[in-house]
Amino acid sequence: MSRKRRSNSASVSRRTLTAGLGAAGLVAGLAPFNILRAQGGPLKIGVLLPRSGIQAGIGQDCQRGVDIAGPILKSLGLPELTIINGDTESNVDTARARAEKLIGDGAQLLVGAFDSGQTTAIAQVAEQKGVPLVVNIAAAPQITEQGYKFVFRNFPTAPMILRDAFEQQKEIFAIAGSAPKTVVFMHVNDTYGTAMAKGIGAVMPKFEMPYTIAEEIAYDPAARDLSVEVAKAKATNADALLVVSRLNDAILLTRELVKQRWTPQAVFSMGPGWYEDQYFKTLGKLSDGPMSFVPWYDPHKKLTDVLKAGLAKADPGVNLNTNHIYTFEALLVAADAYKRSGSTDPAALAEAVRTTNITDNVSIGPGISFNAKGQNDKVKDGAIQNIGGELVTLAPKEAANAKPQWPMAPYQSRG
Amino acid sequence: MPPDVYLNVAVGGVLTGLVYGLMALGLSVIFGVVRVVNFAHGEMMTIAMFIAVVLCSGFHLDPLLLLVPIAAVMFAFGYVLQRGLINAFITRPEHTQFLLLVALAIIITNVLLIIFGPDARSVQTAYGYDSFQAGPILVDAAKVYAGLAAIVFAAALFVFFRYTTIGTAIRACADNHTGALVVGLNVKQLYALTFGLGAACVGAAGTMMVLIIDATPMLGPSYTLLAFVIVITGGLGSMPGALLGGILIGVTEAMAGLLFTPSAKSMFAFAILVLVLLFRPQGLLGKRLA
């Protein structure tokens, strides 16, 4: 064996070495051409989502927005994108590690990541590496308050969501001719839920709402049984339920409301869960009634119909929702910036994203543009309600297509 | 807060605690006889939960009807596992047993993730949204059925250990291993039977658990930990202790959620564990070691 090894070693002659060096030089010499070719090819986008773990359902729903984007962007005359998927596993540390890996794998722009905590971690990596991040969904204000140059968000911050929610609740009370006097506030105890809870405490007094908060109940995001929480809420005898939740806990809360035979006048959700497809599928008739105050689509916009048609083709029976809209719009921003910059250089891409001005979009509001902090401060929430297995828009007035169903039909009478 | 709220929550806690207790009973039985700490206990429960989910959704069967069949399947799984894998580690140092069972737990979780994905899965039953009302008390029907099934299963296990020849032989093994060998008992066979019975307990608990919570592959570690908390509180190796521990932890979690904050429920369960370890290290019904 040792003799053979020596023989192999001896076979590396000067001629072979020269040929090898020549080949290496040729590869090195061609490298600039490779870069040039990359600039003309599709933009590589790393899409980070919680595809597994506690938020897997929502992460996979966001993925639908990615899946339908390609043909729609092409029809809008925008360049092709190459998507590299990353799974944050619903975990902040994994999100950070995956962001680094995607950049290492050649991602030229990042999109993600639904959860505020995970997005904050990804934003730090993006800023450090100088790669633009377009946040699809994440409401914690601090993400665009750090002075980052590479982080952009086309999604309202928690205070913006709350401002719109309270204003739109008042619109609905006026239309319904009735308003609750007390509410019980239940929220998930994660980064988003806590930020929203703090925001509600700070913002609500400014809006002089007709109701007061009888009790605030925080619960674990990984909770498997919310019977105690609902029993505590029911005991307050509040007129309505104000919630900040995720999908799994929205389903658990509804089940407990039914089992504990409590139908509040209304359920006001300030977050995800209650309007999602899985919520409808799991609960059937019991899914009717809750109102969600969420970043939403304008049913009157042209691109909304295109997106709805794309989703209907890819996933028949799935309702268009926040997850699809904002994930799609993040890719729209990326493709538009790439088209205008004509470059995959991160700084040029970031500059192009900064000067975005898209008016033909889906979400409620005048369109997509970013302020100096990288925040779209013109995007607006919508008030929606689950009626007959469909989602209708109640407010703002310019986007409304239905009247509120008030109060909620008792759970026990739904057959 | 009206007093009936406390009563409702306490009853719910007792019923959930009974299922917890049945799950922990399996861990206690295995440790009490085989002297192996099953670090894959919660993961074995998730296997049973997924079997229940598949059978319930595929064949529209009720989990209550599946209690005995799934317990039997898990018995076979536990028996084969002990004979084929764990038996070789019985005389090895405890850290190798620990590593073996942790590895097994990780494998089970990942196999379930590959097969079923990460989404939570639930079973639909005719009584899924029902509740029983007795005066001011309103109790979740599914929890009542799960709690009653847990009592019946645990009682059957008590009877088996107390009044059958095999049960007596298993107890003899637990009391005096050398003595059992001297009188000619097939200890290896009895260890496998015991591990099978422990797995059957966790299988029955998993089948009942799908009535209370949704099944996800990632449930395992938290329920392994919960089983440890329960058996250490009740007394490691004590069957009544496991049930008592389960009820105590179930009620503590429920009442802590009601009286303090729901997001700190687990904290109070662990506080009880710390108190037990400080003032009664052998557990509430455990035997003091010499």
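Residues numbered from 1 in each chain as written. Chains lettered and ligands numbered in written order. Predicted model: local features only at pLDDT ≥ 70, side-chain atom pairs only at ≥ 80, totals over all residues.

Draft legend 1. The arrangement of the overall build of chain B in detail. Check the secondary structure of chain B and you find eleven helices and two strands. Radius of gyration (C-alpha) of chain B: 19 Å, near the 19 Å computed for a compact globule of 290 residues. In terms of principal-axis extent, the alpha carbons of chain B reach across some 60 × 45 × 35 Å. Put simply, of all contacts in chain B between residues at least 6 apart along the chain, 79% involve residues at least 24 apart. (Helix = DSSP H or I, 4+ residues; strand = E, 2+ residues; numbered from the N terminus. Rg over C-alpha atoms; globule rule 2.2 N^0.38 Å. Contact = placed C-beta atoms within 7 Å.)

Draft legend 2. Here's a closer look at the nonpolar core. Counting residues in hydrophobic clusters, the biggest one holds 131 residues, and the most contacted among them are L110(A), I122(A), A126(A), L133(A), V134(A), L331(A) and A334(A). Broken down by element, the residue count for this core peaks at eleven residues, all from helix α13 (residues 322-341) of chain A. Composition of this core by domain shows at least three residues from each of domain 1 (41-156 + 300-380) and domain 2 (159-296 + 382-413) of chain A. In this view, A126(A) contacts A99(A), L110(A), V131(A), P132(A), L133(A), F150(A) and V151(A); residues no more than four positions away in its chain are not counted. In terms of nonpolar packing, the next biggest core, distinct from the first, is built from 93 residues, I47(B), A71(B), Y223(B) and A269(B) among them. (Core = buried A, V, L, I, M, F, W, Y, C linked by C-beta atoms within 7 Å. Buried ≥ 20, exposed ≤ 12 C-beta atoms within 10 Å, placed from the backbone. Domains from an automatic or database assignment.)

Draft legend 3. Structural view of the sheet that holds strand β9 (residues 266-269) of chain A. Residues and elements named next belong to chain A. Spatially, the seven strands line up as an open sheet ordered β7-β6-β8-β9-β10-β11-β12, and their pairing is mixed. With partners counted over all chains shown, the strands left at the sheet margins are β7 (212-219) and β12 (390-395), one partner each. Averaged over all pairs of adjacent strands, the angle between strand axes in this sheet comes to 25°, irrespective of strand direction. Note that β9 and strand β10 (residues 291-295) share two bridges and pair parallel. The residue of β10 that forms the bridge with S269 is S292. (Pairing = 2+ DSSP bridges. Axes fitted to C-alpha atoms, helices over the stretch in contact; angles between N-to-C directions.)

Draft legend 4. Region of interest: the sheet that holds strand β1 (residues 43-49) of chain A. Residues and elements named next belong to chain A. Spatially, β2-β1-β3-β4-β5 is the arrangement adopted by the five strands of the open sheet, whose pairing is parallel. Both outer strands of the open sheet, β2 (81-87) and β5 (151-153), are each paired with one neighbouring strand and no more. Pairs of neighbouring strands in the sheet enclose a mean axial angle of 25°, with direction left out of account. Here three bridges tie strand β3 (residues 109-112) to strand β4 (residues 133-135), and the two strands are oriented parallel to one another. Along β4, the bridge assignment pairs G112 with V135.

Draft legend 5. Main features of the environment of M74(B). All names here are of chain B. Note on placement: M74 falls in helix α3 (residues 63-84). The exposure class assigned to M74 is buried, which follows from the 29 C-beta atoms found within 10 Å. Here the alpha-carbon distance between M74 and V202, two residues 128 residues apart in the chain, equals 7.8 Å. Filtering out sequence-adjacent residues up to four positions away, M74 remains in contact with M44, A48, A199, A200, V202 and G203.

Draft legend 6. Representation of the pairing of strand β8 (residues 240-244) of chain A. Residues and elements named next belong to chain A. Burial analysis of β8 places five of its five residues in the buried class, the great majority of the element. Burial along β8 is two-sided: the face carrying A240, L242 and V244 and the face carrying L241 and V243 are both buried. Across five bridges, the pairing between strand β6 (residues 182-188) and β8 is parallel. Within β8, the position partnered with V183 by the bridge is A240. The pairing of β8 with β9 spans four bridges and is parallel. Note on β9: the bridge partner recorded for A240 is A266.

Draft legend 7. Expanded view of the domain arrangement of chain A. Residues and elements named next belong to chain A. Split into domains, chain A comes out as domain 1 (41-156 + 300-380) and domain 2 (159-296 + 382-413). Here domain 1 and domain 2 have C-alpha centroids that lie 27 Å from each other. Listed by contribution, the elements that provide at least two residues to the side of domain 1 that touches domain 2 are α3 (56-67), α6 (116-129) and α13. Here the side of domain 1 that touches domain 2 gets three residues from one element, more than from any other, and that element is α3. Here the residues of the side of domain 1 that touches domain 2 are counted per class, giving eleven nonpolar, nine polar and three charged. (Nonpolar A, V, L, I, M, F, W, Y, C, P; charged D, E, K, R; others polar.)

Draft legend 8. Representation of the interface of chain A and chain B in the model. Counting from both sides, the interface comprises 23 residues of chain A and, opposite them, 24 residues of chain B. At the level of elements, α3, β7, α9 (227-235) and α10 (247-259) of chain A are the ones that each hand at least two residues to the side of chain A that touches chain B. When residues of the side of chain A that touches chain B are assigned to their parent elements, the largest contribution, six residues, is made by α9(A).

Draft legend 9. Here's a closer look at unusual backbone geometry. Residues and elements named next belong to chain A. The omega torsion across G112 and A113 is 0°, close enough to zero to call that bond cis. Looking at the element boundaries, A113 is found in the loop between β3 and α6. Even without being glycine, E208 reaches a positive phi, approximately 45°. You can call E208 exposed: it has 8 C-beta atoms within 10 Å. Even without being glycine, R261 reaches a positive phi, approximately 55°.

Draft legend 10. A look at helix α9 (residues 220-234) of chain B. Residues and elements named next belong to chain B. The end-to-end C-alpha distance of α9, which contains 15 residues, comes to 21 Å, matching closely the 21 Å that a straight helix rising 1.5 Å per residue would cover. Counting buried positions along α9 yields eleven of 15 residues, so the element is predominantly enclosed. On the buried face of α9, the contacting elements are α1 (3-34), α2 (41-59), α4 (94-116), α10 (239-259) and α11 (265-279). Residue G235 follows α9 closely and has a positive phi angle near 120°. (Expected span 1.5 Å × (residues − 1).)

Draft legend 11. The pairing of β3(A), seen in detail. Residues and elements named next belong to chain A. Along β3, one buried face is formed by L109 and V111 and the opposite face, lined by L110 and G112, is buried too. Here β1 pairs with β3 via four bridges, running parallel. What sits directly across from V47, in β3, is V111. Crossover handedness for the path β3 to α6 to β4: right-handed. (Right-handed = clockwise from strand over helix to strand, strands pointing away.)

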